[in-house]
Amino acid sequence: MKTMNRRLLLLFALMSLMLTSCSRDKSGAHATDGKVKLVLNWVPEPEFGGFYAARDGGAYAKQNLDVEIMGGGAGVPVVQMVASGQADFGIAGGDEVIMARARGVDIVALFAIYQTSPQGIMAHASRKAKTIKDLLGSGTLAMEPGLPYVAYLKKQHRFDGVQIVPYDGGVARFVNDPNFAQQCFITSEPLAARKKGANPSVFLVADEGFNPYVGVVITRREMVEKNKAIAIAFIHASREGWRSYLDDPKPANATMAKLNTTMDAETFAAAAEAQKPLIETPETKSRGLGTMTKERWETLANQLVELNIIDKAPNVDDFLVSVD
Amino acid sequence: MSDFADSPELHLATTHAGVRVVIDHVVRVFPGSGLVLDDISLDVPSGAFVALLGPSGCGKSTLLRIIAGLDRVDRGKVCLEAPEAPPRIAYVFQDAHLLPWRSVLENVTLPLELLGTPKTERRANAREALAKVGLSDAEQRMPAELSGGMKMRVSLARALVTRPQILLLDEPFAALDEITRQKLDDELRRLWIEHPMTVLFVTHSNAEATYLAERCIVLSPRPAKLVLDMPIDLPRTRHASLRAHASFAQVLGSLYDALLKAGTS
Amino acid sequence: MKAKFLQTLMPPIVSLVVVLGMWELLVRSLSVPAYLLPPPSAILSAGLSNATALALASFTTAKSALMGFFLSAFFGISIAVVLGSSRVLERSFYPYAVFLQTVPIVAIAPLLVIWFGPGQRAVSVSAFIVGVFPVVANTLTGLRSVDPSLRDLFRLHGASKFQTLFLLSLPHATPSIVTGLRVAGGLSVIGAIVGEFVAGFAEGAAGLGIVVLSSYRQLRTDLLFASVFCASMLGLLLFGATNWFGWRMMRKWHPSEKV
């Protein structure tokens, strides 16, 4: 009986040890020797082109960085992974960053790929809609539940008669149903739909007044406090990569096409071209690619408060970190 | 009225009367076990009370089921000669096999319900049958509340409710205690005398066979052959005290002797 | 009577209080971030401040789950009756029923949207698919376990197949059917919520599945837990209702139900 109890106790102790050890990554360690992990929030696509260009073109190597890029898919918990140290850097939406800060997640923002949010709604041109409002009176609209822009649109206009369904990430239903509209990234789904023979008209959510930074590079607080040099190096190299990608997307596109076989070379090229005006603006020309302003973050935070998604706007100075 | 009188299902019998059972060179083989019944021939006159004796597993139940029409023969044939076809058969199992979700009354009405008898009529007949076995007070109770002996009585009542012309019983009282068993033996005989019908009673108790039957048929162990066919020389009216009587011991003794001579233990 | 009531209710309530208390204490003392594991107090407050939304969502999910459950019950029992009537049929089709059981509903759900369109219909079908197999399997077991002597009795008295089914086999199978329904109840809720992930309405009549997705998206882990709790409550309600139904049907005669 006694040996039985002792054995059970040992087993229990072993199990607890295993559980605690596998939850936390041995994080900070590798960051100091130049190995960093970047986790994406979608599959490799032109929206991440600059990072692949930086890696393949040697920009990271020049800074003594060995960057591992982890592609994602739907539902990758980027914020949690960065906060817990499973990844050093991650890509998240600006609204996600604010929500995370409001819930007490201590992440900071370093760089924004998109100055203009690529979030959009696409519908068939045959519906002759001129703005998003025209699409809210009939038909079906696929949106992702919980995304702040949905709440924003709901507040601006009433959803009057349109059937809202969950967004499934593809364009199959869109192509087959002329009354079907859906959310999209203007660099992505409309191109795929056009390829399948549909004729979509696309409306930017940003034009409605909701324009968060998108493709924001985040890291955990610890990184900028203990290893700021690495963070700065990473951002500078990434900026270089983006410059190179904007000038010539072909090499990085080839790399990404091997990882993402669902998109063909033609679409890669078209998407890379379509996203240029969203990334490079007069502001980035003067202040550098990826630059972010306090005012825009504050606007976004206030919008989220007004939409009752967060209670209090977090202090932007706490998380907007300059890497210059 | 005349229309009703013609259809045998709805029109309930007013009398039992009996059925003559002719078993003619019956052979039964089971695929796994081999030969079970080896050329059995038997002639049971209408209204007779016959006991079927033999060691466990010899095939008595198989023969009974064949007579009931629940199993087939591989050779030979079984003939039930009744004044009006088809003959009404009732079967009593070793376990009472009552439907647990039905009350006692509803269990007894079951055979009539399956025949399509209207509700009031079948309930009246069920009550009559329950009265015959002395369970009128129990009609609303559920089988789970009853003792083994009472359950068997309900099973008997269910067997009698269609006024069967032939009653087949397969070791019905074997699972009950001695006292209950003897009581039910008496009741069965009384019912047979009151309502003449052919009764085939399977048992492996020589004493029970002697007490109950007019005639004893004995089967050998598998493959079963008919080894003995002996009349029981005891009066028609029998009381429990008969078991202690000398004549009973005598008849029982001669049954043993005959069994020994026939070469079965 | 009151003592027995307390006797059955007290132990789980006490253990619940103890577990919740330890949870609250651990989360606070170890400063676990709220977005990873919120304390019960935060879950409760999230639940209360979103009470109307959660109630409405629960109602929507309940409708789909119930619809799916009734479909599972009706078709499950019917399929079992058909399969039970012939060994050949059973051997031919039962393996497919088992196969359907193993295909994950998350993979089937998108197909349901294509066939039924988004909304309650697809969600109910999702709930039905998840719940039907336990009903079939248990009902079939019940139907096949009828005492052969009773079958003989019915045959002897000239019972039609219909009579044997309704007067013997189905009543005999009732305890097994109730067992199957008990399992199907909880599964229907799961099936409804998974269905909602893909096929539910995202606005207005949004179900618990949508609340789960939405609160996950907004890093509101406390609300996520609260909606999961509501889902469990739904499953519990259905389970309790099935139990009560089983008790009503069998209290007079089945040992499992007699108090």
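Rules of the game
Per chain, the residues get numbers from 1 upward, laid out in the order the sequence is written. Note on labels: chains are lettered from A, ligands numbered from 1, in written order. This being a predicted model, a pLDDT of at least 70 is required before a residue's local features are given, and a value of 80 or more before pairs of side-chain atoms are given or counted; all residues contribute to the totals for chains, interfaces and linings. Per the convention used, a helix needs a DSSP run of H or I reaching at least four residues, while a strand needs a run of E reaching at least two, with both numbered from the N terminus. When we talk radius of gyration, it's over C-alpha atoms, and the globule rule is simply 2.2 Å times the number of residues to the 0.38. To assign burial, the other C-beta atoms lying within 10 Å of each residue's own C-beta are counted, with C-beta atoms placed from the backbone; 20 or more indicates buried, 12 or fewer indicates exposed, and intermediate counts indicate partly exposed. Contact definition: two residues whose C-beta atoms, as placed from backbone geometry, lie within 7 Å. Where each domain begins and ends follows an automated or database-derived domain assignment. For this classification, the nonpolar set comprises Ala, Val, Leu, Ile, Met, Phe, Trp, Tyr, Cys and Pro, the charged set comprises Asp, Glu, Lys and Arg, and every other residue, Gly included, is treated as polar. The quantity known as pLDDT measures the predictor's confidence residue by residue, on a range of 0 to 100. Two strands qualify as a pair provided that DSSP identifies no fewer than 2 bridges between them. What counts as an axis is a line fitted to C-alpha atoms, over the stretch in contact for a helix, and the angles between N-to-C directions run from 0 to 180 degrees. Under the definition applied here, buried Ala, Val, Leu, Ile, Met, Phe, Trp, Tyr and Cys residues are grouped into a nonpolar core through C-beta atoms within 7 Å. With respect to orientation, any angle under 35 degrees is reported as roughly parallel, any angle over 145 as roughly antiparallel, any angle of 65 to 115 as roughly perpendicular, and every other angle as oblique. Handedness of a helix crossing follows the sense of rotation of the near helix relative to the far helix, less than a right angle counterclockwise being left-handed and clockwise being right-handed. To estimate how far a helix should extend, the number of its residues minus one is multiplied by 1.5 Å. Arc definition: directions from the helix axis to the C-beta atoms.

> Could you give an account of the overall build of chain B, with specific residues and numbers?
For chain B, the helix and strand inventory stands at eight helices and nine strands. The globule rule puts the C-alpha radius of gyration for 265 residues at 18 Å, and the 19 Å found for chain B is close to it. For chain B, the spread of C-alpha atoms along the principal axes amounts to about 55 × 45 × 35 Å. Expressed as a percentage of its 265 residues, the buried residues of chain B come to 39%. Sequence separation of 24 or more characterises 74% of the internal contacts of chain B that already satisfy a separation of 6 or more.

> Which residues make up the domain arrangement of chain B, and what are the values?
All names here are of chain B. For chain B, the assigned domains are domain 1 (24-87 + 165-265) and domain 2 (99-164). Summarising the inter-unit geometry, the C-alpha centres of domain 1 and domain 2 are found 25 Å apart. The interface is formed by twelve residues belonging to domain 1 together with eight residues belonging to domain 2. Those elements that provide at least two residues to the side of domain 1 that touches domain 2 are β6 (166-170) and α6 (178-194). Looking at the side of domain 1 that touches domain 2, the element that brings in the most residues is α6, giving four residues. When its residues are assigned to classes, the side of domain 1 that touches domain 2 shows nine nonpolar, two polar and one charged.

> How would you summarise the interface of chain B and chain C if you had to cite specific residues and measurements?
Between chain B and chain C, the contact holds 13 residues from the first and 15 residues from the second. Mapped by element, the contributors of at least two residues to the side of chain B that touches chain C are β5 (89-92) and α3 (104-115) of chain B. The element best represented in the side of chain B that touches chain C is α3 of chain B, accounting for three residues.

> Before we move on, could you go through the confidence of the model for chain C and cite the residues and values that matter?
For chain C, per-residue confidence averages 89 on the pLDDT scale, and residues scoring 70 or more make up 97% of the total. Prediction confidence for the complex, expressed as pTM and ipTM, is 0.80 and 0.87 respectively.

> Account for the sheet that holds strand β7 (residues 198-203) of chain B, with residues named and values stated.
All names here are of chain B. In space, the six strands of this open sheet follow the order β5-β6-β7-β3-β8-β9, with mixed pairing throughout. If you trace the sheet from one side to the other, it starts and ends with β5 and β9 (226-231), each paired once. Averaged over all adjacent pairs, the angle separating strand axes in this sheet is 15°, with direction ignored. Note: β6 against β7, five bridges, orientation parallel. Counted as the bridge partner of I166 is T198 from β7. Across the sheet, helix α5 (residues 148-160) is in contact with β5 and β6; its angle to β5 comes to roughly 170°.

> Give me unusual backbone geometry: which residues, what numbers.
Between R222 of chain B and the following residue, P223 of chain B, the backbone shows a cis peptide bond with an omega angle of -5°. The residue P223 of chain B is located in the loop between β8 (215-219) and β9 in this model. One non-glycine residue, S31 of chain C, lies in positive phi territory at about 50°. Looking at where S31 of chain C falls in the secondary structure, it is placed in the loop between α1 (2-29) and α2 (40-49).

> Would you mind going over the nonpolar core in detail, with residue names and values included?
I107 and I218 of chain A are the most contacted members of the largest nonpolar core, which has 162 residues in total. Sort the elements by how many residues they give to this core and helix α6 (residues 120-144) of chain C lands first, with 14 residues. Split by domain, the residues of this core number at least three in each of domain 1 (26-115 + 212-319) and domain 2 (119-208) of chain A. Discounting residues that sit within four places of it in the chain, I218 of chain A has contacts with V82, F89, G90, A92, V97, I107, V108 and A109 of chain A. Among the nonpolar cores identified, the runner-up in size contains 76 residues, and W192, V218 and V251 of chain B together with F154 of chain C belong to it.

> Got a sec to walk through the packing of helix α3 (residues 49-57) of chain A against helix α12 (residues 250-259) of chain A? Specific residues and values, please.
Residue and element names in this part refer to chain A. Close contact between α3 and α12 brings their axes to 9 Å; oriented N to C, the two are set at 100°. Judged by the angle between their axes, α3 and α12 are roughly perpendicular. Of the residues in α12, those in contact with G49, Y52, A53 and D56 of α3 are P251, A252, N253, T255 and M256. Residue composition of the contact of α3 with α12, grouped by class: five nonpolar, three polar and one charged.

> Which residues make up the interface of chain A and chain C, and what values do they have?
Chain A puts 18 residues into the contact, and the matching count from chain C is 19 residues. Among the secondary structure elements, those contributing two or more residues to the side of chain A that touches chain C are α6 (94-102) and β7 (163-166) of chain A. For the side of chain A that touches chain C, the element with the highest residue contribution is β7 of chain A, accounting for four residues. The class makeup of the residues in the side of chain A that touches chain C is twelve nonpolar, three polar and three charged.

> Kindly report on the environment of V106 of chain C, identifying the contributing residues and their values.
Residues and elements named next belong to chain C. The topology assignment puts V106 in helix α5 (residues 105-116). What makes V106 exposed here is the crowd of 12 C-beta atoms within 10 Å. Taking the C-alpha atoms as reference points, V106 and V132, 26 residues apart in sequence, are found 16 Å from one another.

> Explain the sheet that holds strand β1 (residues 35-39) of chain A to me, and be specific about the residues and the numbers.
All names here are of chain A. Read across the open sheet, the five strands follow the order β2-β1-β3-β10-β4; overall the sheet is mixed. The open sheet has two edge strands with one neighbour each: β2 (66-70) and β4 (107-114). Direction aside, neighbouring strands of the sheet carry axes that sit 25° apart on average. Across two bridges, β1 lies against strand β3 (residues 89-92) in parallel orientation. Residue pairing across strands places V39 opposite G90, the latter belonging to β3. Against the sheet, α6 engages β3, β4 and β10 (214-220), with an angle of about 35° to β10. With respect to the sheet, helix α11 (residues 228-247) is in contact with β1, β3, β4 and β10, its orientation differing from that of β4 by roughly 5°.

> Any details on the packing of α12 of chain A against helix α13 (residues 265-274) of chain A? Residues and values, ideally.
Residues and elements named next belong to chain A. Put simply, α12 and α13 touch, their axes get as near as 10 Å, and they point 130° apart. Classified by the angle between their axes, α12 and α13 sit oblique to one another. When you trace α12 past α13, the crossing you get is right-handed. Between α12, through N253, M256 and A257, and α13, the contact on the second element is made entirely by A265, F268, A269 and A272. Of the residues that constitute the contact of α12 with α13, the class distribution is six nonpolar, one polar and no charged.

> Summarise the environment of R75 of chain B; cite the residues concerned and give the values.
All names here are of chain B. With respect to the helices and strands, R75 occurs in strand β4 (residues 75-81). We classify R75 as exposed; it has 12 C-beta atoms within 10 Å. In sequence terms R75 and D43 are 32 residues apart; their C-alpha atoms lie 17 Å from each other. Discounting chain neighbours no more than four positions away, the residues touching R75 are H25 and V27.

> Run through the arrangement of the chains, naming residues and quoting values.
Where the two pairs of chains in contact are concerned, the greatest contact count is recorded for chains A and C. At their nearest point, the C-alpha atoms of chain A and chain B are still 44 Å apart, with no contact between the two.

> Any details on the pairing of β9 of chain B? Residues and values, ideally.
All names here are of chain B. Bridge count for β8 against β9 is five bridges, and the pairing is antiparallel. Its bridge partner being in β9, C216 is matched across the sheet by M230. Connecting the antiparallel pair β8 and β9 is a turn made up of six residues.

> Describe α6 of chain B, naming the residues involved and giving the relevant values.
Residue and element names in this part refer to chain B. In a regular helix each residue adds 1.5 Å, so 17 residues correspond to 24 Å; α6 covers 24 Å between its end C-alpha atoms and thus fits that length. Turning to α6, its buried residues number three or more, namely D185, L188, L191 and W192. The buried residues of α6 occupy an angular sector of 130° when the element is viewed end-on, so they sit on one face. Projecting away from the buried face of α6 at angles above 90 degrees are the exposed residues I179, I193 and E194. Close packing links the buried residues of α6 with β3 (49-53), α4 (119-132), α5, β7 and α7 (206-212).

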